[in-house]
Amino acid sequence: MYFFIVLNIVLCIFEQQARLIIAPLAIEVCYFVLFLALLCLVIVSLKKAESVLWHDVFSSLVIVVWFIYWRYLFKDDSIIFFFFPLYFFSMGALIELFFSAPSKHTDVETLKYMASIKGNYLFKPWIIMMGVLISLSLEDNYLLFPVLMTLLLIRLKFSIYLNSVSG
């Protein structure tokens, strides 16, 4: 999730320094990036590529779509365009820093429970990704997007942890 982390800190800095002026072509770019995010979702759901890379690409594309699309819905000086990327940067960096290596003290019962949660149908990555894409269009529920993105980050690290312990 390194690209996602770097992109979020760049968005924070850019928001504080430059006060983004959206060009008329921004919506067309937004639709193209959304198409690429849908393509990543299909690739992840078909399990045709490395999961970590495609999760990172999907998350990065979705944050760009959110940043462009939601810009039209809020005032120019709205603080969510600084704090949401800062939150995603913090969450991604903390999850990457503290949960990247498997613990030697994890007991078998906990691993079984984690595996059963991972196998749950509602916790599949493509379902969470679809929820993230749907949350982009729900402007009235503006906290749904960061909650689902956080769930996606946790799901990815959860999967990496289980794969490193078992394999």
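Everything that follows concerns the structure shown earlier in this document.
Since the model is a prediction, treat every value here as computed from it, not as a measurement.

Chemist: Would you mind going over the overall build of the protein in detail, with residue names and values included?
Modeler: Helix and strand counts for the protein come out as seven helices and zero strands. Sequence-ordered secondary structure for the protein, helices as α and strands as β, is α-α-α-α-α-α-α. Expressed along its principal axes, the backbone C-alpha trace of the protein runs to roughly 55 × 30 × 25 Å. Looking at the protein as a whole, 38% of its 167 residues qualify as buried. A separation of at least 24 residues holds for 80% of the contacts in the protein among residues at least 6 apart in sequence.

Chemist: So what about helix α2 (residues 26-46)? Which residues, and what values?
Modeler: The terminal C-alpha atoms of α2 lie 30 Å apart, and with 21 residues this matches the ideal 30 Å at 1.5 Å per residue to within 8%. Within the sequence span of α2, burial applies to Ala26, Cys30, Val33, Ala37, Cys40, Leu41, Ile43 and Val44. Taken around the axis of α2, the buried residues stretch over an arc of 165°, which confines them to a single face. Turned more than 90 degrees away from the buried face of α2 sit Tyr31, Phe32 and Leu46, all of them exposed. Each element contacted by the buried residues of α2 is listed here: α3 (51-69) and α6 (125-136). Within two residues after α2, lysine 47 carries a phi angle of roughly 55°, on the positive side.

Chemist: Could you give me a rundown of the pattern of salt bridges, with the residues and numbers involved?
Modeler: As enumerated under the stated definition, the model contains one salt bridge in all. For lysine 157, the salt bridge identified is with glutamate 96, shortest N-O distance 3.2 Å. Of this pair, lysine 157 sits in helix α7 (residues 144-166) while glutamate 96 sits in helix α4 (residues 80-98); the two residues are 61 residues apart in sequence, bridging distant segments of the chain. The residues lysine 157 and glutamate 96 share a single accessibility class, namely buried.

Chemist: Describe in detail the packing of aromatic side chains, supporting the description with residues and values.
Modeler: In this description, an aromatic ring pair is defined by two values, namely the gap between the centres and the angle between the planes. According to the stated counting rule, one finds ten aromatic pairs in the structure shown. With 5.8 Å between their ring centres and 5° between their planes, tryptophan 66 and phenylalanine 145 make a pair best called stacked. Note that tryptophan 66 is positioned in helix α3 and phenylalanine 145 in helix α7, a separation of 79 residues in sequence. Judged by its relative accessible area of 0%, phenylalanine 145 is buried.

The rules behind each value
All residue numbers refer to position in the chain's written sequence, counted from 1. Given that this is a predicted model, residues contribute local features only at a pLDDT of at least 70 and side-chain atom pairs are listed and counted only at 80 or more, while totals for whole chains, interfaces and linings are drawn from all residues. Neither water nor hydrogens contribute to the side-chain values; these are computed over all heavy atoms in the structure. Starting at the N terminus, helices and strands are each numbered in turn, a helix being any DSSP run of H or I of at least four residues and a strand any DSSP run of E of at least two. Relative accessibility under 20% of the residue-type maximum defines a buried residue, over 50% an exposed one, and the middle range a partly exposed one, all with a 1.4 Å probe and only protein chains included. Note on contacts: a residue pair qualifies if any of its non-hydrogen atoms lie within 4.5 Å across the two residues. Helix span is expected to be 1.5 Å times the residue number reduced by one. For this quantity, the arc is that covered by the directions from the helix axis to the C-beta atoms. A pairing counts as a salt bridge when a side-chain nitrogen of Lys or Arg comes within 4 Å of a carboxyl oxygen of Asp or Glu. Pairing of aromatic side chains requires ring centres within 6.5 Å, counting the rings of Phe and Tyr and the six-membered ring of Trp. Pairs whose planes differ by under 30 degrees are stacked, by over 60 edge-to-face, and all others tilted.

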